[in-house]
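A look at the structure
Single-letter residue listing:
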Amino acid sequence: NASYDTVYERGYAAVQKRALQQVESINAALNPTPPLPDLAALPDNPTTPLSSLATQLRTVAKMIAARNTLDMSRQVFFVATGGFDSHDDQNQNQPGLLGVVSDAIKRFYDATVELGVAQSVVTFTQSDFGRTLTSNGDGTDHAWGGVQFAVGGQVQGGRIYGTYPLLKVGATLAADGADDVGGGRFIPTTSSDQYAATLARWFGITDSNLPQIARSIGNFSARDLGFLV
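Below you will find a few notes about this structure. Given the structure is predicted, the values throughout are model-derived calculations rather than measurements. (Residues numbered from 1 in each chain as written. Predicted model: local features only at pLDDT ≥ 70, side-chain atom pairs only at ≥ 80, totals over all residues. Heavy atoms only, no water.)

Comments concerning the nonpolar core
Counting 17 residues, the largest nonpolar core has Leu42, Leu57, Ala61, Ile64, Phe108 and Ala111 as its most contacted members. Residue assignment for this core shows that the elements contributing at least two residues are helix H2 (52–65) and helix H4 (90–115). Top contributing element to this core by residue count: H2, with six residues. Not counting residues up to four positions away in its chain, the partners in contact with Phe108 are Leu42, Leu57, Val60, Ala61, Ile64, Val121 and Thr123. Within the second largest apolar cluster, six residues are counted, among which are Val155, Leu199, Phe227 and Leu228. (Core = buried A, V, L, I, M, F, W, Y, C linked by side-chain atoms within 4.5 Å. Buried < 20%, exposed > 50% of the residue type's maximum accessible area, 1.4 Å probe, protein only. Helix = DSSP H or I, 4+ residues; strand = E, 2+ residues; numbered from the N terminus. Contact = heavy atoms within 4.5 Å.)

Here is the structure:
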């Protein structure tokens, strides 16, 4: 609440003040009387230790449960887990990392079923880079194409969207193959803009506004990948 000389300081102070006010509102919504129902899939007790990712998703589930108190009809939540920048020890670390993701996503989906909102929630992954197919001797390096997944009651699951190299005529999942641009870096067949546009349309964004969400969507004939009903 102090006075500051520069616009930078005033802007920073405003952000901090707003954050403190929002924390108070959220804490009040997450700790009502009577309390929010405990979730069997994401229990809040010391006898069932949860990973950091699952703990983050438990908070998301609680905020969804308190959506009426928070007066939120459409919400976007970001959670994160690390360790995938696997330049080394990949064979040892990757199975455990993927296990943490699998357990957390399964628990969160089950929690949305408990809350009766599974049809209204979509959980999806996004990464800023993939991994090379070739080894650096102990792991892999930064690449381009990668695989993402989406989970939810309205996801058309059990399918591959886009064209995986093994399923593409004339292509092989091999170094120096048709889709390898060098060093085991694969060209993606599906754009992140198409991925974003599909999610945005499900979220209620009109076709005319999609370029504001996915700036390069005009470069692709398919704006909707079809994995959401």
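Read on, since the account is not over.
Comments concerning the pattern of salt bridges
Scanning the entire structure with this criterion turns up seven salt bridges. Between Arg201 and Asp207 there is a salt bridge whose closest N-O contact spans 3.2 Å. The class of Arg201 is partly exposed, set by a relative accessible area of 34%. For Asp207, a relative accessible area of 38% translates into the label partly exposed. A salt bridge links Arg201 to Asp224, with the nearest nitrogen and oxygen atoms 3.8 Å apart. In this pair, Arg201 is assigned in helix H5 (residues 192–202) and Asp224 in the segment after helix H6 (210–213), connecting sequence segments 23 residues apart. Here Asp224 falls in the partly exposed class, since its relative accessible area comes to 32%. (Salt bridge = Lys/Arg side-chain N within 4 Å of Asp/Glu carboxyl O.)

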